[in-house]
Amino acid sequence: MAPMGIRLSPLGVAVFCLLGLGVLYHLYSGFLAGRFSLFGLGGEPGGGGAAGPAAAADGGTVDLREMLAVSVLAAVRGGDEVRRVRESNVLHEKSKGKTREGAEDKMTSGDVLSNRKMFYLLKTAFPSVQDLFIHSERARERQRHRQREKQAPCRKPNVGLDPGSPGSHPGLQEVPNRCTTGAALKINTEEHVDAADQEVILWDHKIPEDILKEIATPKEVPAESVTVWIDPLDATQEYTEDLRKYVTTMVCVAVNGKPVLGVIHKPFSEYTAWAMVDGGSNVKARTSYNEKTPRIIVSRSHSGMVKQVALQTFGNQTTIIPAGGAGYKVLALLDVPDKSQEKADLYIHVTYIKKWDICAGNAILKALGGHMTTLSGEEISYTGSDGIEGGLLASIRMNHQALVRKLPDLDKTGHK
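Conventions used here
- Residues numbered from 1 in each chain as written.
- Predicted model: local features only at pLDDT ≥ 70, side-chain atom pairs only at ≥ 80, totals over all residues.
- Heavy atoms only, no water.
- Helix = DSSP H or I, 4+ residues; strand = E, 2+ residues; numbered from the N terminus.
- Buried < 20%, exposed > 50% of the residue type's maximum accessible area, 1.4 Å probe, protein only.
- Contact = heavy atoms within 4.5 Å.
- Areas by Shrake-Rupley, 256 points an atom, 1.4 Å probe, with all protein chains shown as cover.
- Disulfide = S-S within 2.5 Å.
- Pairing = 2+ DSSP bridges.

Tell me about the overall build of the protein, and name the residues and values.
Tallying secondary structure elements over the protein gives 13 helices and 19 strands in all. Of all 416 residues assigned to the protein, the portion counted as buried reaches 48%. Long-range contacts, defined as pairs at least 24 residues apart, comprise 71% of the intrachain contacts of the protein with a sequence gap of at least 6. Carbon and sulfur atoms provide 55% of the accessible area of the protein, an area that totals close to 20500 Å².

Please set out the state of the cysteines residue by residue, giving values where relevant.
Tallied over the full model, the rule gives one disulfide. Each disulfide pairs two cysteine sulfurs, and for Cys252 the partner residue is Cys359, the sulfurs being separated by 2.1 Å. Judged by the sign of its S-S torsion, about -45°, the cystine formed by Cys252 and Cys359 is left-handed. Linking Cys252 in strand S7 (residues 248-255) with Cys359 in helix H11 (residues 355-367), this pair joins segments that are 107 residues apart in sequence. As far as the burial class goes, Cys252 and Cys359 line up, both buried.

Describe in detail the pairing of S7, supporting the description with residues and values.
Across the eight residues that make up S7, a large majority, eight, are buried. On S7, burial covers both faces: Thr248, Met250, Cys252 and Ala254 on one face and Thr249, Val251, Val253 and Val255 on the other are all buried. Inspection of the sheet shows strand S6 (residues 226-234) paired to S7 by seven bridges, in the antiparallel sense. The residue bridging Val226 from the neighbouring strand is Val255, located in S7. Note that S7 and strand S8 (residues 258-266) share seven bridges and pair antiparallel. Residue pairing in the sheet places Cys252 in a bridge with Gly262 of S8. Taking the residues that link successive antiparallel strands as the turn, the S7-S8 hairpin has two residues, and the phi of Asn256 there is positive, at about 55°.

Structural data, given as structure tokens:
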């Protein structure tokens, strides 16, 4: 018997091919449509479902009134930690090294715990703002930590810190490392908030009446233009010496590098000053200042350096007030209802200083019509590097540029 052959019908082949094409169309049309719609909304593939579109639909703006409300709350919550640790008299004091002037650069558990409260309150209050970038005074420690992370093998998250390591404190936990963390906000931090902390740092989305009274309408800005600067404990040296009046916690919001809102909180007197440029404030300038023979407030660590030039510039009647903490020094220029607060006419600093030390004070002075510049009169930009080399001069209700012209020698001193 001859072998049997298989004959395929041309019509059957055509129908089979059409069915195959139909299946492929249905499989890939949904996939491609999903990708195009996601990119059209500005999202990224694999971005976690609705999170990307929700953030895009938000319009990418933040209300500065809300940021001010959260900043005030963050400064107060951080201050609560600072006060609690100091009153316990268990500071876990450590040295991070030397400052440029050769003094010990200290850190305590008050710094660490305050930083954690302040940072995560701001983060949880604005979860959809992908470009919110927060600078904290612990940035350098975090950078060193991340470098170690890159070189170390993967390990389990939430491992207790070695009690002997910088910034450690009993009960603190390590942030999950690169092996366990997915996409995150652009916020630099070394700290991790465990479940017990979550309830403490939540914001109820209510703007306090004192802020609403001063700033009646929303003030929205593009989220991508916002930079937040945190100082969780200003005047750490004085904190370790139990010189409590100098200690502050501070938050500043800059928009396109310009300081627009600032908060300075004094944990031990529970006084809080806040202000928004072109908005309002709860603090005012004093009625008068002495421009001819001013009282000049300066850092305790180099008061003699300023005194020599100040006496030459303003005469022997000039008073030099050594003090700790940049926040305290700015408040000395204002009408502050705190009996422990000294009063000054000018604030001068002649060496390198970090921006988180001065941003909040700069914003408050600017909101009240004052000025804070480098010693050569340049405005300070709160983007880029963490500090400024040109020293600073702060004044209010004075001819600031005339003061700058009087102090040419201080600018040279500040670059030594």
